[in-house]
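Summary of the model geometry
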Amino acid sequence: MRTTISVIKADVGSLAGHHIVPDQLLDIARRSLEEERKKGIIEDFYVTSVGDDLQLIMTHRRGEDNKEVHEIAWNTFKRAAEAAKDTGLYGAGQDLLKDTFSGNVKGMGPGVAEMEIEERPSEPFVVFMADKTSPGAFNLPIFRIFADPFNTAGLVIDPSLHSGFTFEVMDVIEGTVVELNAPEEIYDILALIGTLGRYIIRKVRRRSDGQIAAVMSTTRLNLIAGRYVGKDDPVAIVRAQHGFPALGEILEPFSLPHLVPGWMRGSHYGPLMPVGIKDARPTRFDGPPRIAALGFVVHNSRLVGPSDLFSDVAFDEARRMAGMIADYMRRHGPFMPHRIEQEEMEYTTLPGIMEKLKGRFKPA
Ligand code: F6R
Ligand code: MG
Ligand code: MG
């Protein structure tokens, strides 16, 4: 059976700042998707939130980039945004950049990760959802999952993973994409994906049969809107087990809270802290950036689950390390490399300051 998993998310309003989606909005989203499920557009759904982002996890049989599915996501966000506006919630409708829906939510503000698959007899997968960071946050862990034998034992000892994976890397500035093969081209892959603000892993496929293994959202809101409208907190879908990396190989890279851009005002590097959903409420300096992971299986397009994967105490040490790194980074205040580089700042407040001081720069 062919099933499509669509994860579509948007920040449509938060409580007391940018850190949590109130229950009221989650309820509206659940009611809205339940209506659409009854109409038969989607087969199943799960609604959750990570930080200030409302997450719609949906299954259906209509393929990727389907107009009806995108439209129900858009309408659901609209309904939640209206309620957010009515109750005076903060940042109501923040990620809804257009007034009318035009066929696909891409480019309209929400983030999207979708994969159409031929369901295996058991089809386990993980949905990753990050807040206070941007799509490049997945580059390091996705590389480690699919190309690093020190992370993924299966690359070495499971014949079905041994031929490696193909990485589709997008240049988000030029709007181009390149396919590179691991293991032979890992140095080329790394040469690109170390630049988090520009080269983003968009898809990973298994080389033996071209099967999709992972998809990441790659929208960059700041480039879409031409001005800073919040970081485009990314989502990803990763298939697990039996010919794909095992669940534990998929989660293992997150035991290192690596540095990602985002955090306060989308302008600071900080550690990506793995948390259970209940702890995905970034309040310290609006952070540090969070990543949550839900494990599901999908069967006949129906979702079973989820399991809240980072609530495992085995990630306590990573959280503690993230707290220590957060302390260390914070003590740099407005100095790089805590504050992000100037080019990235151009989407935020720096141009205003440069404009003001323009006439006062004299030849040195
Ligand atoms: C970053 C984020 C927050 C806000 C900050 C200022 O992604 O959401 O750090 O940038 O709280 O928000 P405003 O400008 O709405 O006061
Ligand atoms: Mg936000
Ligand atoms: Mg957010």
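Preceding this section is the structure that the text describes.
A short tour of the structure in this document, coming up.

Here helix α1 (residues 23-39) spans 25 Å end to end across 17 residues, near enough to the 24 Å set by a 1.5 Å rise per residue. Every buried residue of α1 is listed here: L25, L26, I28, A29, S32, L33 and E36. The buried residues of α1 occupy one face: seen down the axis, they fall within an arc of 160°. Exposed and oriented more than 90 degrees from the buried face of α1 are D23, R31 and K38. Elements that come into contact with the buried residues of α1 comprise β2 (44-50), β3 (53-60) and α2 (67-86). Once α1 finishes, G40 follows within two positions and takes phi at roughly 90°, a positive value.

Attention now moves to the side chain of T133. Structurally, T133 can be placed in the loop between β5 (124-131) and α3 (139-147). Residue classification places T133 among the buried residues on the basis of a relative accessible area of 0%. Engagement of the side chain of T133 in a polar contact is seen with the backbone oxygen of P261, the distance being 2.7 Å.

The next point concerns the nonpolar core. F128, I142, F146, F165, F167 and V204 are the most contacted members of the largest nonpolar core, which totals 38 residues. The dominant element in this core, judged by the number of residues it contributes, is α3, at 5 residues. Discounting residues that sit within four places of it in the chain, V204 has contacts with I142, F146, F165, T166, F167, Q211, I212, A213 and A214.

Cut-offs and rules
- Residues numbered from 1 in each chain as written.
- Chains lettered and ligands numbered in written order.
- Predicted model: local features only at pLDDT ≥ 70, side-chain atom pairs only at ≥ 80, totals over all residues.
- Heavy atoms only, no water.
- Helix = DSSP H or I, 4+ residues; strand = E, 2+ residues; numbered from the N terminus.
- Expected span 1.5 Å × (residues − 1).
- Buried < 20%, exposed > 50% of the residue type's maximum accessible area, 1.4 Å probe, protein only.
- Arc of directions from axis to C-beta.
- Contact = heavy atoms within 4.5 Å.
- Polar contact = N/O pair within 3.5 Å; in protein donor to acceptor, adjacent residues only side chain to side chain.
- Core = buried A, V, L, I, M, F, W, Y, C linked by side-chain atoms within 4.5 Å.

By themselves these figures say nothing about function.
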